[in-house]
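What follows is the residue order along each chain.
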Amino acid sequence: MANIRSLLLGLSRGRNSLIGITRCTTIRPLLLGSVTKPDLSEHKFFLQSRCFSSGLPPHIVLGMPALSPTMNQGNIAKWRKKEGDKIAVGDVICEIETDKATLEFESLEEGYLAKILAPEGSKDVLVGQPIAITVEDLEDIKSIPAEIPKETESKPDIVTKETTQEDTKAFSNLPPHMVLGMPALSPTMNQGNIAKWRKKEGDKIDVGDVICEIETDKATLEFECLEEGFLAKILAPEGSKDVLVGQPIAVMVEDPEDIGKIPADIGQETKSKKEITTTEVTSSQKEANKETSEGTTFTRISPAAKLLIKEHGLEKSLLKASGPRGTLLKGDVLAAVKSGSFVKKSSPSEEKLPVTKASPSSQTGKDKLDTYEDLPNSQIRKIIAKRLIESKQTTPHLYLSKDVILDPLLAFRKELKEQHNLKVSVNDIVIKAVALALRNVPAANAFWDNDKGENSPCDSVDISIAVATEKGLMTPIIRNADQKSLSAISSEVKELAEKARAGKLAPHEFQGGTFSISNLGMYPVDHFCAIINPPQAGILAVGRGTVVVEPVIGSDGVERPVAVSKMKLTLSADHRVFDGQTAGKFLTELASNFSDIRRMLL
């Protein structure tokens, strides 16, 4: 029973270690009146917890996700996966009926669906309530209990409840008010930054007013208020970083006379208590490490243990030996690694060195040149960095380059401007040419399905275009680009690029896409290799146009030097989807669209 309880709560304590992925969320503003004390704990949930509990295999408890900012419960419309199925990152597990629409719930982890806790048709499942359990290995499914008592499903974690009660006390002795928490503006959001406050303290707020702009892991989005009132206190000032979903960011009141009754230091008491709790936990961990290090002397080390210590970079003096005559065995090292109760050996560069404080007069010119400034990364740049590393590590990149002649394209562009007063860029024509090439070579318009272990064709040609913004690279999408005219593509590119630079892209405008284009020709860059944007299987790097002189055989059969404009295209392709023949055929088809521009009119 204890194992099942820890499984559902997501707080298993294996060898005094807790490894968790938790997400607390406040879905909508909470009306806190003076008649009844608010219970904020009802609005904080664990959406996903990785557990390593005693007697149970590594597993993840999936909670009902917050698929919209106003969602606090949902219905299980349909399970796309059944118990025992393999789940890959991005797979749709089930369809959830929210207060707005029926949406798909995508998995953020890979594994196997071991147990469905909320069967198909379940109604009014609270956000955060466990709906399923996944495991890492297929063999671990049989270790998950077949029956799980319902009484343990809704019990919150003790530590979270105590912390929440402290939050409640901080707001309990106040006039009728609403605590606004950091909203979940996307299914994958677990924290955000306060980019800008649109309202200031004392302002009146109507339903639908934008209170502030929040920078998420995808874009900068507007946070609209669902209640009317007055902004009494801003708890998270402009520029606040990594504010967890559900953490209070502001307080609203119904009556403007109540604004003065909100203390200026509200929220500071709870913050200080949390800091004290964190300090106590850190102190207890240090004491535990100290106790662990006592009595760990050993006289000999087995060869296998010595190899493991070197491989994991562990500190030998802190390991506990259990072998005969004080011998440190392989199992001792593996047990320390598995439990996490070990200390890594510091490298020579990390060892403590005597610190000498130099006077300002003794600083040399070299010391001054070595000064630097740390620039904090935005949420978007953090996500970009993570995805690019994953792409290079997990996707086998295949690179192919080809020069294409630009003269027909430039002549066609000039004709459109002079005769039809239609201004299109070279990039607009490139998008159209790539879209038609993908349509004519459907094998290139596909992606790799990890679950099936095969490439899957896409049913539409949706081109993602790379747009550089101050916060990072965004990829708005031109959907069904092969079916659109050049004028439609041109106007849509301008609109999406402007919204991307302003951070106003909606999720459906940058999520998806079947192929990407990155054009650095305007900087100017001759050629480069781009990194694939998963789960897409290809990206085209476009360089600048250059004039070269090359021999051309004329109609009279005589070879003469002729100046022609050329542009280098480099294809980065997923080798699991593109073999050499497919990639070569795609580039040949693309080059034909540039050399004979009339193909775009077919």
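Here, every reference points to the structure presented above.
Residues numbered from 1 in each chain as written. Predicted model: local features only at pLDDT ≥ 70, side-chain atom pairs only at ≥ 80, totals over all residues. Heavy atoms only, no water.

Enquirer: Before we move on, can you summarise the overall build of the protein with the specific residues and values?
Expert: A tally of regular secondary structure across the protein gives eleven helices and 30 strands. For the protein, the residues scored as buried account for 43% of the 602 residues in total. Within the protein, contacts between residues at least 6 apart in sequence are counted, and of these 65% link residues at least 24 apart. Carbon and sulfur atoms make up 51% of the accessible area of the protein, which amounts to about 33,100 Å² in all. (Helix = DSSP H or I, 4+ residues; strand = E, 2+ residues; numbered from the N terminus. Buried < 20%, exposed > 50% of the residue type's maximum accessible area, 1.4 Å probe, protein only. Contact = heavy atoms within 4.5 Å. Areas by Shrake-Rupley, 256 points an atom, 1.4 Å probe, with all protein chains shown as cover.)

Enquirer: Hey, could you go over the side chain of Thr-395 for me, with residue numbers and the actual values?
Expert: For Thr-395, the position within the fold is in the loop between helix 7 (379–394) and strand 21 (397–405). With a relative accessible area of 9%, Thr-395 lands in the buried category. Once residues within four sequence positions are removed from consideration, Thr-395 is found in contact with Glu-390, Ile-532, Asp-574 and Arg-576.

Enquirer: An account of the pairing of strand 3 (residues 59–63) is requested, with residue identities and associated values reported.
Expert: Counting buried positions over the five residues of strand 3 gives five, a clear majority of the element. As paired strands, strand 3 and strand 10 (residues 130–135) are joined by five bridges and run antiparallel to one another. Within strand 10, the position partnered with Ile-60 by the bridge is Thr-134. (Pairing = 2+ DSSP bridges.)

Enquirer: Break down the environment of Gly-453 for me, with residues and values.
Expert: For Gly-453, the position within the fold is in the loop between strand 22 (446–449) and strand 23 (454–457). Taking C-alpha positions, Gly-453 is 9.5 Å from Arg-576, a pair spaced 123 residues apart along the chain.

Enquirer: Just give me the short version of the nonpolar core, but keep the residues and values in it.
Expert: Counting residues in hydrophobic clusters, the biggest one holds 98 residues, and the most contacted among them are Ile-131, Ile-249, Val-434, Ile-463 and Phe-586. It is helix 9 (residues 426–440) that contributes the most residues to this core, nine residues altogether. Apart from residues lying up to four places away in sequence, Ile-131 is in contact with Leu-62, Gly-63, Met-64, Ile-76, Trp-79, Phe-105, Ile-116, Leu-117, Ala-118 and Val-125. The next biggest cluster of nonpolar side chains, apart from the first, holds eight residues, and it includes Ala-305, Leu-308, Leu-328 and Val-333. (Core = buried A, V, L, I, M, F, W, Y, C linked by side-chain atoms within 4.5 Å.)

Enquirer: Just give me the short version of the sheet that holds strand 17 (residues 243–244), but keep the residues and values in it.
Expert: By way of backbone hydrogen bonds, the strands of a sheet pair with one another, either parallel or antiparallel. Reading across the sheet, the four strands line up as 15-14-12-17 and stay open at both edges, with antiparallel pairing between neighbours. Whereas interior strands pair on both sides, the edge strands pair on one side only; in this sheet they are strand 15 (220–224) and strand 17. Across five bridges, strand 14 (residues 210–215) lies against strand 15 in antiparallel orientation. Bridged to Ile-214 within strand 15 is Leu-221.

Enquirer: A description of helix 9 should follow, citing residues and the corresponding values.
Expert: Counted at 1.5 Å a residue, the expected span for helix 9 with its 15 residues is 21 Å, and the 21 Å between its end C-alpha atoms agrees. Buried within helix 9 we find Asn-427, Asp-428, Ile-429, Val-430, Ile-431, Lys-432, Ala-433, Val-434, Ala-435, Leu-436, Ala-437 and Leu-438. (Expected span 1.5 Å × (residues − 1).)

Enquirer: So what about the pattern of salt bridges? Which residues, and what values?
Expert: Across all of its chains, the model carries 25 salt bridges by this definition. Here Arg-560 and Asp-556 are joined by a salt bridge, their closest N and O atoms 2.8 Å apart. In this structure, the salt-bridge partner of Glu-589 is Arg-599, at a minimum N-O distance of 2.4 Å. Taken together, the residues Glu-589 in helix 11 (residues 580–595) and Arg-599 in the segment after helix 11 connect sequence positions ten residues apart. A residue is classified by how much of its surface remains accessible, and Glu-589, at 19% relative accessible area, is buried. Given the relative accessible area of 27%, Arg-599 is considered partly exposed. Through salt bridges with shared partners, a single network forms among Arg-198, Glu-213, Glu-222 and Lys-504. (Salt bridge = Lys/Arg side-chain N within 4 Å of Asp/Glu carboxyl O.)

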